[in-house]
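Listed here are the chains, written in short residue letters.
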Amino acid sequence: MTAALALFALITWQVAALGPLRRADERLDRAVVGRGPASLTEFLADLGNLAVALPVLAAAVAYALRRGSPLRASAAVLAIATVPALVAPLKSLIARPGPLTAEAGYYPSGHAATAAVAYCGAALLVSAYVRPGRRWWPSSLAVVLTFAAGVGLVLRGYHWPLDVLGSWCLCLPLLLLIHRLPARHSRRPRASIAPAAKDR
């Protein structure tokens, strides 16, 4: 968590101060923006839309509640609700222009943050109920979807690479919070209702 926040602080400083990392970021972006089939890269970028990512998390939350994991489910809901509260003020404060527009407010990427919290949060909720030998697939799928959304956002020119990377670093502590909560709700044993044996 500390490393993620430190990296986020470094990226934010470089972006805000027009540092060498930001200049390298912009050179990289200009080299890759527009690459790939437009229909595919647009599809990948859309993975970060609330209309796509939120139903995935909602289904995982419902599943976790049904299986008796209210703490993790509540944390996941809180995490996705926290995303705009964290991202919006930073966008306004940093006021970074977009790759293909002079409009400001592109750092950090809200779509990248939404994808990270929704898909990785859903994986954390579901993986606790997957057989131990198969628990790799929810997290692997979540990482692929999150990364694919970030790639689509960059290739379509919707965000600079550091916009995406900064969002991932910002969201990692939220995901660690979900991970550290107990996966299953421990129920108190019910008191026995059997009649006490009579003294003889």
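Here, the structure is the one placed above.
Read on for an overview of the structure.

Rules and cut-offs
- Residues numbered from 1 in each chain as written.
- Predicted model: local features only at pLDDT ≥ 70, side-chain atom pairs only at ≥ 80, totals over all residues.
- Heavy atoms only, no water.
- Salt bridge = Lys/Arg side-chain N within 4 Å of Asp/Glu carboxyl O.
- Helix = DSSP H or I, 4+ residues; strand = E, 2+ residues; numbered from the N terminus.
- Buried < 20%, exposed > 50% of the residue type's maximum accessible area, 1.4 Å probe, protein only.
- Contact = heavy atoms within 4.5 Å.
- Expected span 1.5 Å × (residues − 1).
- Polar contact = N/O pair within 3.5 Å; in protein donor to acceptor, adjacent residues only side chain to side chain.
- Bend = angle between axes of the 7 residues up to and from the residue.

With the rule as written, the count across this model stands at five salt bridges. Among the salt bridges present, the one from R22 reaches E26, with a minimum N-O distance of 3.0 Å. One end of the pair is R22 and the other is E26, both in helix α2 (residues 20-32) and four residues apart, which spans about a single turn. Comparing R22 with E26, the two get one shared label, buried. Across the salt bridge formed by R96 and D25, the nearest N and O atoms sit 2.8 Å from each other. Taken together, the residues span a long stretch of sequence, with R96 in the loop between α5 (70-94) and α6 (110-127) and D25 in helix α2 at a distance of 71 residues. Each member of the pair, R96 as well as D25, carries the same accessibility label: buried.

Moving on, we get to unusual backbone geometry. Cis rather than trans, the peptide bond between Y107 and P108 has omega equal to -5°. Looking at where P108 falls in the secondary structure, it is placed in the loop between α5 and α6. In this structure, L18 takes a positive phi of about 55° despite not being glycine. Looking at the secondary structure, you find L18 in the loop between α1 (2-16) and α2.

Our next topic: the environment of C169. By the secondary structure assignment, C169 is in helix α8 (residues 161-180). Take C169: its relative accessible area is 7%, and that puts it in the buried class. As for C169 and A116, which are separated by 53 residues in sequence, their C-alpha atoms are 9.8 Å apart. When residues no more than four places from it in sequence are discounted, the contact partners of C169 are A4, L7, F8 and I11.

For α6, which comprises 18 residues, the first-to-last C-alpha distance of 25 Å matches the rise-based estimate of 26 Å (1.5 Å per residue) to within 8%. For α6, the tally of buried residues reaches 16 of 18 residues, placing the bulk of the element in the interior. Sitting at the amino-terminal end of α6 is S109, which places a side-chain oxygen 3.4 Å from the backbone nitrogen of H111.

It is worth spelling out the environment of G152 at this point. Summarising the element assignment, G152 is placed in helix α7 (residues 136-155). Each C-alpha atom, one on G152 and one on L40, is 8.1 Å from the other, the two residues being 112 residues apart in sequence. Contact partners of G152, with chain neighbours within four places excluded, come to T41, L44 and A45.

Take the side chain of D25 next. On the accessibility criterion, D25 (5% relative accessible area) is buried. Those residues within four positions of D25 in sequence are excluded, and the remaining contacts are R96, W160, P161 and L162.

For an α-helix the count is 3.6 residues per turn, leaving residues at separations of three or four pointing the same way. Between its first and last C-alpha atoms α5 spans 36 Å; for 25 residues at 1.5 Å apiece the expected length is 36 Å, and the two agree. The sharpest bend along α5 comes to roughly 30°, located at T82, with the proline P84 sitting one to four residues further on. Within the span of α5, buried status applies to R72, A73, A75, A76, A79, I80, V83, V87, L90, K91 and I94. At its buried positions, α5 is contacted by α1, α4 (50-66), α6 and α8. Count one or two residues on from α5 and you reach A95, which has phi positive near 55°.

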